[in-house]
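Inside the fold
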Amino acid sequence: MCITRPPEESLMSIAREVFGCGSSNQTFENTNQQFITASSEGNARAGSKSSIRGLGPFPLHTDCAYSDPPPRYVLLRSVGGRPSCPTTILLFEKLEISEQLRQDLSSGLWICSNKRHSRICSVINPGFVIWDTDCMRPADKIAKRASQELDEKLGNATVVEHRWNDESSVLIIDNWRVLHGRGTARYSEGRVLERILL
Ligand SMILES: [Fe+2]
């Protein structure tokens, strides 16, 4: 979902308004707010996607897939730099997958980890989907097979592109149902997105 708000309004206050919560609400006390800069591997924050992929495209993924559960919503807004690199979006349930693959994504086991968290998980879970090839690796045969097949499906999927040429646009992603990524940032080095995870 994309909404329009004046750029001078803080993203946090937009989040409060959209989700109808007051400042004392616990959801907001646990809020993670960051500024994400498109940068080369060498200039990127350690552990970030840019430190792995640099200015190349980011494949479709769930933000913070290693968290259990991952944040429900991701709010994004462009706050600086050359914004030519689009964010790509795919509603997972729109992906045409076979019943067999659906079962494998529900029953296969993946190790999902970053520096601080590590857990065993499946891709399709009751209530949410998680996927991120940068922090998930197959832990059994079913997952190995399913990973390959899902990767191919996602690579060929038709995605929606959100272009950041309007600085008043705020993108709200349902991180439990929607995967997102980005195109190449070769011409957008230094692009900054403000992000709030809820
Ligand atoms: Fe992301």
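Anything mentioned here points back to the structure above.
Residues numbered from 1 in each chain as written. Predicted model: local features only at pLDDT ≥ 70, side-chain atom pairs only at ≥ 80, totals over all residues. Heavy atoms only, no water.

**Overview of the overall build of the protein chain**
Regarding its fold elements, the protein chain presents five helices and 14 strands. Dimensions along the principal axes, computed over C-alpha positions, put the protein chain at roughly 50 × 40 × 30 Å. Long-range pairs, those at least 24 residues apart, make up 77% of the contacts in the protein chain between residues at least 6 apart in sequence. Of the roughly 10300 Å² of accessible surface on the protein chain, a fraction of 49% belongs to carbon and sulfur atoms. Seen as two clouds, the 24 positive and the 23 negative side-chain charges of the protein chain have centres 4 Å apart. (Helix = DSSP H or I, 4+ residues; strand = E, 2+ residues; numbered from the N terminus. Contact = heavy atoms within 4.5 Å. Areas by Shrake-Rupley, 256 points an atom, 1.4 Å probe, with all protein chains shown as cover. Lys, Arg positive; Asp, Glu negative; His and termini not counted. Charge placed at Lys NZ, Arg CZ, Asp CG, Glu CD.)

**Observations concerning the coordination of the iron ion**
At the metal site, the iron ion is ligated by His61 (NE2), Asp63 (OD) and His180 (NE2), and these contacts range over 2.1 to 2.2 Å. Counting gaps between the donor residues of the iron ion yields the pattern H-x1-D-x116-H. Placement of Asp63 in the loop between β3 (58-61) and β4 (73-80) and of His180 in strand β13 (residues 178-182) is noted, with a sequence separation of 117 residues between them. (Donors = N, O, S within 2.8 Å, 3.2 Å for Na, K, Ca; no water.)

**What about the sheet that holds strand β14 (residues 192-197)?**
With antiparallel pairing, the five strands of this open sheet are ordered in space as β1-β12-β4-β14-β2. Pairing within the sheet leaves two strands with one partner each, and these edge strands are β1 (2-4) and β2 (32-37). Ignoring which end each strand starts from, the neighbouring axes of this sheet average 25° apart. Of the pairings in the sheet, the one linking β4 to strand β12 (residues 169-174) comprises five bridges and is antiparallel in character. Directly across from Tyr73, in β12, lies its bridge partner Asp174. Sitting on the sheet, helix α1 (residues 11-19) is in contact with β1, β2, β4, β12 and β14, with an inclination near 145° to β4. (Pairing = 2+ DSSP bridges. Axes fitted to C-alpha atoms, helices over the stretch in contact; angles between N-to-C directions.)

**Some points on the state of the cysteines**
Under the defined criterion, the tally for this structure stands at zero disulfides. Distance from the sulfur of Cys112, which forms no disulfide, to the nearest cysteine sulfur (Cys135) is 4.1 Å. Residue classification places Cys112 among the buried positions, given a relative accessible area of 0%. (Disulfide = S-S within 2.5 Å. Buried < 20%, exposed > 50% of the residue type's maximum accessible area, 1.4 Å probe, protein only.)

**Re helix α4 (residues 99-107)**
The α-helix advances 3.6 residues per turn, and as a result positions three or four apart in sequence lie on the same side. Leu101, Asp104 and Leu105 are the residues of α4 that are buried. Viewed along the axis of α4, the buried residues span an arc of 100°, placing them on a single side of the element. On its buried face, α4 is in contact with β6 (110-113), β8 (124-125) and α5 (141-156). (Arc of directions from axis to C-beta.)

**A look at unusual backbone geometry**
Excluding glycine, most residues fall at negative phi; most peptide bonds, likewise, are trans. In this structure, the amide linkage connecting Asp68 to the following residue, Pro69, adopts the cis form with an omega of -5°. Here Cys64, not a glycine, exhibits a phi torsion of approximately 55°, which is positive. If you trace the backbone, Cys64 turns up in the loop between β3 and β4.

**Considerations on α5**
For α5, which comprises 16 residues, the first-to-last C-alpha distance of 23 Å matches the rise-based estimate of 22 Å (1.5 Å per residue) to within 8%. Buried residues of α5: Ala143, Ala146, Ser147, Leu150 and Leu154, and no others. Buried residues of α5 fall within an arc of 110° about the axis and therefore sit on the same side. In α5, the exposed positions that point more than 90 degrees away from the buried face belong to Lys141, Lys144, Gln148, Glu152, Gly155 and Asn156. Turning to α5, the residues buried within the fold contact β3, β5 (87-91), α4, β6, β10 (136-138) and β13. Here α5 starts with a cap whose side-chain oxygen sits 3.4 Å from the backbone nitrogen of Ile142, and that cap is Asp140. (Expected span 1.5 Å × (residues − 1). Polar contact = N/O pair within 3.5 Å; in protein donor to acceptor, adjacent residues only side chain to side chain.)

**What to know about the packing of aromatic side chains**
By convention here, two paired aromatic rings are described through the distance between centres and the angle between planes. The tally for this structure, following the rule as stated, stands at three aromatic pairs. With a centroid separation of 4.6 Å and an interplanar angle of 40°, the aromatic rings of Phe19 and Tyr73 are classed as tilted. Of this pair, Phe19 sits in helix α1 while Tyr73 sits in strand β4; the two residues are 54 residues apart in sequence, bridging distant segments of the chain. Judged by relative accessible area, which is 24%, Tyr73 ranks as partly exposed. The interplanar angle of 40° and the centroid separation of 5.5 Å between the aromatic rings of Phe128 and Trp176 together place this pair among those described as tilted. Within this pair, whereas Phe128 is found in strand β9 (residues 128-129), its partner Trp176 is found in the loop between β12 and β13, the two being separated by 48 residues in sequence. (Phe/Tyr/Trp six-rings, centres within 6.5 Å; stacked < 30°, edge-to-face > 60°.)

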